[in-house]
Amino acid sequence: MNAISHQIQLLRRPTGLPTPDDFALREVPLPALQEGEVLVTNQWLSVDPYMRGRMSEAKSYVPPFPLNGPLDGGAIGVVEASRHPDFAVGDRVSSMQGWRDRFVANGAQLTRLPDTRLPPQLFLGALGMPGMTAWAGLHKVARLQAGETLLVSASSGAVGTMAVQLAKQAGARVIGSTGSADKVAYLKTLGADAVINYRETPDLDAELARLAPEGIHVYFENVGGAMLDAALNHMALHGRIVLCGLIAQYNGQGSGPRNLAQVIRKRILIQGLLVSDHWQHYGEFLAEAILAFEAGALQAEETVSTGLASMPQAFIGLFEGRNTGKMLVKLD
Ligand SMILES: NC(=O)c1ccc[n+]([C@@H]2O[C@H](COP(=O)([O-])OP(=O)(O)OC[C@H]3O[C@@H](n4cnc5c(N)ncnc54)[C@H](OP(=O)(O)O)[C@@H]3O)[C@@H](O)[C@H]2O)c1
């Protein structure tokens, strides 16, 4: 008898903030294993803001998710059966076959996790795509220098917490922004020099003037909206902005910055970041980051919900600030 997969499918394209009714949990029979294929049971599913873009029909750098088909995303699983010479039962693998508990894939679509005693789910967060995004944004795009002042928005999230720590290691002065007092306290433990709770700061302009009197040399932008407006007003001459994400606008709210003239006045360089453009450096990042985690020089927080059915709520939670560090779903 063939194995069964449970998967979350997209029922309709969300308007605004997605709701649980936009998704359905369905049972799908898996095909019998062919030569070169592997059956994997997922243990950890990644929950990422970029998935919101793929729920819309708008043209982007990745195609939209199909309706009534499986969603996908990063996942960590264990090989249950293999007809591929490079994978044996019990191997731990990462894949892009998330939003489901089990799948059959060609071995070429799987990556065996490196040999380390670190928790496997780190490869979805700090040691995976979000960590790599922080590293590439700071070192390959902004070319952050010791002594510079860095502002990071959504600094308590998966990308942000790595950006804060890597920037401190690079000798920068780091200002974070985030949405709760607990997150402010957590970011201080990571070494952030100052943290803005944007929900409790009525005048972001005045706060940035106070915290960065010499100007912001690099802004690592994850949010957009009011924070981008305020940051533009306080960039240093020839400052650099790494445009990594605009989560405040993913559900259709908000509009672009109202003060783009600052880019001219201050000769600011704004560069979009797409982590996949930098994937040839992933090995370099990973080698450094694994050593740093093993030595306790880097930390990672995670927010975990349990069970495949919790995936839509976990995803919606990203837009409500319900995560500190990486948002994950753990499967039994
Ligand atoms: N360009 C790339 O290649 C690339 C790769 C990975 C990620 N990204 C982008 O990087 C950003 C962070 O991703 P992540 O995976 O690390 O997610 P995350 O930061 O772990 O989670 C999202 C966080 O964003 C904040 N947020 C949500 N809605 C907001 C709003 N309206 N205004 C202000 N803050 C809001 C929330 O924290 P608060 O408590 O601070 O509100 C929430 O916890 C996202 O924009 C994502 O799309 C880009």
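Look up a bit, the structure's there.
Calculation criteria
- Residues numbered from 1 in each chain as written.
- Predicted model: local features only at pLDDT ≥ 70, side-chain atom pairs only at ≥ 80, totals over all residues.
- Heavy atoms only, no water.
- Salt bridge = Lys/Arg side-chain N within 4 Å of Asp/Glu carboxyl O.
- Helix = DSSP H or I, 4+ residues; strand = E, 2+ residues; numbered from the N terminus.
- Buried < 20%, exposed > 50% of the residue type's maximum accessible area, 1.4 Å probe, protein only.
- Pairing = 2+ DSSP bridges.
- Axes fitted to C-alpha atoms, helices over the stretch in contact; angles between N-to-C directions.
- Contact = heavy atoms within 4.5 Å.
- Near = heavy atom within 4 Å.
- Polar contact = N/O pair within 3.5 Å; in protein donor to acceptor, adjacent residues only side chain to side chain.
- Areas by Shrake-Rupley, 256 points an atom, 1.4 Å probe, with all protein chains shown as cover.
- Nonpolar A, V, L, I, M, F, W, Y, C, P; charged D, E, K, R; others polar.

Participant: When you look at the pattern of salt bridges in this model, what are you seeing that I'm missing?
Facilitator: Should the charged atoms of two oppositely charged side chains come close, the side chains can pair. On inspection of all chains with the given rule, the structure shows 12 salt bridges. The shortest N-O distance in the salt bridge between aspartate 48 and lysine 326 comes to 2.9 Å. Of this pair, aspartate 48 sits in the loop between β3 (37-46) and α1 (51-55) while lysine 326 sits in strand β15 (residues 326-330); the two residues are 278 residues apart in sequence, bridging distant segments of the chain. Overall, aspartate 48 belongs to the buried group, its relative accessible area being 4%. Accessibility expressed as a relative area gives 5% for lysine 326, which makes it buried.

Participant: Hey, could you run me through the sheet that holds strand β8 (residues 149-152) in this one?
Facilitator: Hydrogen bonds between backbone groups are what pair the strands of a sheet, and the pairing can be parallel or antiparallel. Reading across from one edge, β10-β9-β8-β11-β12-β13 is the order of the 6 strands in this open sheet, with parallel pairing throughout. Two strands in the sheet have a free side with no partner beyond their single neighbour: β10 (194-197) and β13 (269-272). Strand-to-strand, the axes of this sheet are offset by a mean angle of 15 degrees, without reference to chain direction. Relative to the sheet, helix α3 (residues 158-169) contacts β8, β9 (173-178) and β11 (216-221), its axis offset from that of β8 by approximately 170 degrees. Against the sheet, helix α6 (residues 226-233) touches β8, β9, β11 and β12 (235-243), its axis set at about 165 degrees to β11.

Participant: Quick question: what am I supposed to make of the site of the ligand here?
Facilitator: Taken together, the neighbourhood of the ligand is formed by 28 residues, with Lys183, Tyr198, Tyr250, Leu273 and Asn323 sitting nearest. Interatomic distance of 2.8 Å between a backbone N/O atom of alanine 158 and an oxygen atom of the ligand. With the chains in place, 92% of the 910 Å² that the ligand exposes on its own is no longer accessible. Those elements that provide at least two residues to the shell around the ligand are α2 (129-142) and α3. Partitioned by chemical class, the residues of the shell around the ligand number 17 nonpolar, 9 polar and 2 charged.

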